[in-house]
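Here's the letter readout for the chains.
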Amino acid sequence: MTKHAYIPRTTNYTLNPGDELNDLRMSDQVRPLYDHVRKFIRETVEPMSIEFAKAGEKKEDRWSFTPKQLEVLEVAKNKAKKEGLWNFFLPDDETGQGLKNLDYAYIASELGKSPLASESMNCSAPDTGNMEVLERVGTKEQKEKWLKPLMNGEIRSAYVMTEPNVASSDAKNISTTAKLVGDEWVINGEKYYISGVGDPRCKILIVMVKTNPDAAPSKQQSQILVPRDTPGVEVLGPMYVFGQDHAPRGHMHMRFNNVRVPKENMLLGEGRGFEISQLRLGPGRIHHCMRTIGKAEKALDLMVQRGLTREAFGKKIAHLGGNMQIIAQARCEIEAMRLMVLKAAKAMDVLGNKEARVWVSMVKAMVPERACKIIDQSIQMHGATGISHWTPLAEMYQDVRHLRFADGPDEVHWMVVGRHELSMA
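What counts as what
Residues numbered from 1 in each chain as written. Predicted model: local features only at pLDDT ≥ 70, side-chain atom pairs only at ≥ 80, totals over all residues. Heavy atoms only, no water. Helix = DSSP H or I, 4+ residues; strand = E, 2+ residues; numbered from the N terminus. Rg over C-alpha atoms; globule rule 2.2 N^0.38 Å. Buried < 20%, exposed > 50% of the residue type's maximum accessible area, 1.4 Å probe, protein only. Contact = heavy atoms within 4.5 Å. Areas by Shrake-Rupley, 256 points an atom, 1.4 Å probe, with all protein chains shown as cover. Lys, Arg positive; Asp, Glu negative; His and termini not counted. Charge placed at Lys NZ, Arg CZ, Asp CG, Glu CD. Phe/Tyr/Trp six-rings, centres within 6.5 Å; stacked < 30°, edge-to-face > 60°. Core = buried A, V, L, I, M, F, W, Y, C linked by side-chain atoms within 4.5 Å. UniProt positions renumbered as here; feature names shortened; annotations may be inferred. Salt bridge = Lys/Arg side-chain N within 4 Å of Asp/Glu carboxyl O.

Digging into the overall build of the protein
Then, number 1: Secondary structure summary: the protein contains 12 helices and 9 strands in total.
Then, number 2: In terms of overall size, the protein behaves like a compact globule, its C-alpha atoms giving a radius of gyration of 23 Å where 425 residues would be expected to give roughly 22 Å.
Then, number 3: For the protein, the spread of C-alpha atoms along the three principal axes comes to 75 × 75 × 45 Å.
Then, number 4: Taking all 425 residues of the protein together, the buried fraction comes to 50%.
Then, number 5: Considering only residue pairs separated by 6 or more positions, the protein has 73% of its internal contacts joining residues 24 or more positions apart.
Then, number 6: Working note: accessible area of the protein is about 21,200 Å², and carbon and sulfur atoms make up 53% of it.
Then, number 7: Within the protein, the 54 negative side-chain charges are centred at a point lying 3 Å from the centre of the 58 positive side-chain charges.

Quick look at the packing of aromatic side chains
Then, number 1: One pass over the structure, following the stated rule, counts 3 aromatic pairs.
Then, number 2: Look at Phe52 and Phe65: their rings are 6.1 Å apart centre to centre, the planes differ by 50°, and that puts the pair in the tilted class. Placement of Phe52 in helix α1 (residues 31-55) and of Phe65 in the loop between α1 and α2 (67-82) is noted, with a sequence separation of 13 residues between them.
Then, number 3: Residue Phe65 is classed as buried on the basis of its relative accessible area of 9%.

Comments concerning the nonpolar core
Then, number 1: Formed by 91 residues in total, the largest nonpolar core has its most connected members in Phe88, Tyr104, Ile107, Leu111, Met121, Ile286 and Met337.
Then, number 2: Examining the composition of this core, we find that 13 residues originate from one element, helix α10 (residues 357-382), more than from any other.
Then, number 3: Not counting residues up to four positions away in its chain, the partners in contact with Met337 are Ile293, Ala296, Met366, Val367, Arg370, Ala371 and Ile374.
Then, number 4: Judged by nonpolar contacts, the second largest core, of 20 residues, contains Trp185, Val226, Met254 and Met266.

Description of the UniProt feature "domain: Acyl-CoA oxidase/dehydrogenase middle" (unreviewed entry) in the protein
Then, number 1: Taken from the UniProt record, the annotation "domain: Acyl-CoA oxidase/dehydrogenase middle" (unreviewed entry) applies to residues 158-258.
Then, number 2: Helix and strand shares over residues 158-258 are 0% and 50% respectively, and the end C-alpha atoms of the span are 19 Å apart.

Things to note about the pattern of salt bridges
Then, number 1: Per the stated rule, a full pass over the model turns up 32 salt bridges.
Then, number 2: Across the salt bridge formed by Glu335 and Arg331, the nearest N and O atoms sit 2.8 Å from each other. With Glu335 and Arg331 both in helix α9 (residues 323-351), this residue pair falls 4 residues apart, about one helical turn.
Then, number 3: Salt bridges linked by common partners bring Glu119, Asp127, Arg156, Asp199, Arg201 and Arg249 together as one network.

Here it is in structure tokens:
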């Protein structure tokens, strides 16, 4: 048998104690802001969330908010603005807090523990990604008309990409068309699972379209601003997620019927849709992962509380069967996810969004899958109550499970990581 010497590959992941990527500490200057956010969530957002839910219990129209709901939410938002807790996600000092991605990762983890925390501080998806796009590539007029009210928390928005008849995880397959007729783009096509369109405050859509099928594959797509009330924008109804319509925001099935918008509504330029997507899928691409760490942490907290307050067969549930190990492994998984997300955020800060893509794909594939498992285990430890409306766990599971499609299917992210690994062979 012939023996072969093992020759280690030179990879990007070789541990180097002096590598800046391995310094995952929050900036000293941001720590007071982090503490402030935690205090605001505890003292303002959580009590407001209870009042918000109660105010919506008897509303007749599921696809609306009651005046009282909007009132209590606005009180929290105005308080957040007054206290400087607003628009954390933008790295630009003039329009946001000027935070590094690494610093925001710590804050977003706290936002993920409370459903209304992000909106209270104007850091909700899909607005965050849309604001980032407008801030980076929008014209002066586009920013004034749409970015300004979004930054002020006056309106909501939606990102319109996914289609029911093609595998749209590969954006080259997008079939919704936009043709320039005179001074207007005429848009035709069908979309689905468009989050946020059901919200009556949604006023602007960023729509991915195909403008030139004869161009190079990466130059066929464009992104266009379409006001929600434009004639021909038809909402066919909500798409359900595990049987829930998530009213009033919803995930909508839509059709564009000869929708006409001015040619000035094109973002950045014709054929630059992929380029915009890379901007949007930079920091915004791991905001969900950052918040998901908070959801996993909350699920573990609920698991521990349940395990220590319920008894069966003469023992606390936490001490039955393999529950002790399940709790221990959940803690290990959360810490592993946290470190990976922090490192992906740091990679974007140090290397730039493009070069950090493989790190982003790692966490996009890993975090929702592992967080789902932890939430599922927490559900199991709660018994039938875990799948009821008496705990937030069922809703949390739906939310995190659907992320494995919403931000691109797991398989695409694993493909990016695997392809990168093979390239270093």
